[in-house]
Amino acid sequence: MKLHFYNHAFAKLIENYTLSGEQLRFTGTPKDSIDLSNAEENRYSILAVENEQLVTFFSLHKGEGVNPFSPNDDAILIRSFSTDFHQQGKGYGKKALMLIPEFVRSNFIGIVEIVLAVNVKNEIAQALYKKCGYIDEGVRKMGRSGELIVMSYHL
């Protein structure tokens, strides 16, 4: 698996990416995330590609986007993390999460913390994040779909 910054060469992969209704309760679509990335200079759409297939998608957001979740100016936020519905249960989400720290170190100089927010009802995602080294430090926020647990990975 390799992580890539989105560019137009990946447009066809985005078209074929599928999220279930249950997934959409907790995350945004890649297309919406890409539109936001194009509109905001500190937001980046990232694709996890395995065998020329998009299996996992997320955005990284630095600067003001992190502020609601962390006071750390040297943090970056994972947003809209998802795995294609047809690829779930194959370990791709975990594999992508394990690649993110090195990807951040290589592409975002000065970042010392990765932050994410997960819905309290999304227990499967919480367990995955914990397995991948993200720590629940007790911070809670309200999101569009209810209470969020803020988790951190210190680089």
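A brief report on the enclosed structure follows. A quick note: this is a predicted structure, and the numbers were derived from the prediction, not measured. (Residues numbered from 1 in each chain as written. Predicted model: local features only at pLDDT ≥ 70, side-chain atom pairs only at ≥ 80, totals over all residues. Heavy atoms only, no water.)

Some details on the packing of aromatic side chains
Here comes step 1: Using the criterion set out here, one finds 8 aromatic pairs in the structure.
Here comes step 2: Summarising the aromatic geometry, the rings of F5 and F103 are spaced 5.1 Å apart at their centres and angled 45 degrees between planes, so their arrangement reads as tilted. Residue F5 is found in strand β1 (residues 2-5), and its partner F103 is found in helix α4 (residues 92-107); the two are separated by 98 residues along the sequence.
Here comes step 3: We classify F5 as partly exposed; its relative accessible area is 31%.
Here comes step 4: A relative accessible area of 11% places F103 in the buried class.
Here comes step 5: Their ring planes at 55 degrees and their centres at 6.0 Å tell us that F5 and F108 sit as a pair that is tilted. Here F108 lies in the loop between α4 and β5 (113-119) and F5 lies in strand β1, a separation of 103 residues in the sequence.
Here comes step 6: Since its relative accessible area comes to 5%, F108 is described here as buried.
Here comes step 7: Taken together, F58, F81, Y129, Y134 and Y153 form an aromatic cluster joined through their ring pairs. (Phe/Tyr/Trp six-rings, centres within 6.5 Å; stacked < 30°, edge-to-face > 60°. Helix = DSSP H or I, 4+ residues; strand = E, 2+ residues; numbered from the N terminus. Buried < 20%, exposed > 50% of the residue type's maximum accessible area, 1.4 Å probe, protein only.)

Focus: the side chain of S37
Here comes step 1: Structurally, S37 is set in helix α3 (residues 30-39).
Here comes step 2: For S37, a relative accessible area of 12% gives the class buried.
Here comes step 3: Side-chain polar atoms of S37 contact the side chain of S45, separated by 2.8 Å.
Here comes step 4: Excluding its chain neighbours within four sequence positions, the residues that come into contact with S37 are R43, Y44, S45 and S59. (Polar contact = N/O pair within 3.5 Å; in protein donor to acceptor, adjacent residues only side chain to side chain. Contact = heavy atoms within 4.5 Å.)

Brief notes about the pairing of strand β4 (residues 75-83)
Here comes step 1: Counting buried positions along β4 gives 7 out of 9 residues, so the element sits mostly inside the fold.
Here comes step 2: In terms of strand pairing, strand β3 (residues 53-62) meets β4 through 6 bridges, oriented antiparallel. Note that in β4 the partner of K62 across the bridge is I76.
Here comes step 3: Examined bridge by bridge, β4 and β5 share 4 bridges and lie parallel to one another. Within β5, the residue paired with I76 across the bridge is I114. (Pairing = 2+ DSSP bridges.)

Observations concerning the sheet that holds strand β2 (residues 43-50)
Here comes step 1: Strand order in the open sheet made by the 7 strands is β1-β2-β3-β4-β5-β7-β6, with mixed pairing throughout. Taken across any chain shown, the strands that pair with only one partner, and hence form the sheet edges, are β1 and β6 (135-143). Pairwise comparison of adjacent strand axes, ignoring direction, gives a mean angle of 30 degrees for this sheet.
Here comes step 2: Of the strands in this sheet, β2, β3 and β4 are in contact with α3, which crosses β2 at around 140 degrees. (Axes fitted to C-alpha atoms, helices over the stretch in contact; angles between N-to-C directions.)

Side note on the pattern of salt bridges
Here comes step 1: Taken as a whole and judged by the stated rule, the model has 6 salt bridges.
Here comes step 2: Of the charged contacts in the structure, one is a salt bridge between K12 and E15, with a shortest N-O distance of 3.7 Å. Here E15 and K12 lie together in helix α1 (residues 11-15), a separation of 3 residues that amounts to about one turn. No difference in accessibility class separates K12 from E15, as the two residues are exposed.
Here comes step 3: A salt bridge links D136 to R140; the nearest nitrogen and oxygen atoms lie 2.9 Å apart.
Here comes step 4: The exposure class assigned to D136 is partly exposed, which follows from its relative accessible area of 31%.
Here comes step 5: Relative accessible area serves as the criterion here: at 35%, R140 is assigned to the partly exposed category. (Salt bridge = Lys/Arg side-chain N within 4 Å of Asp/Glu carboxyl O.)

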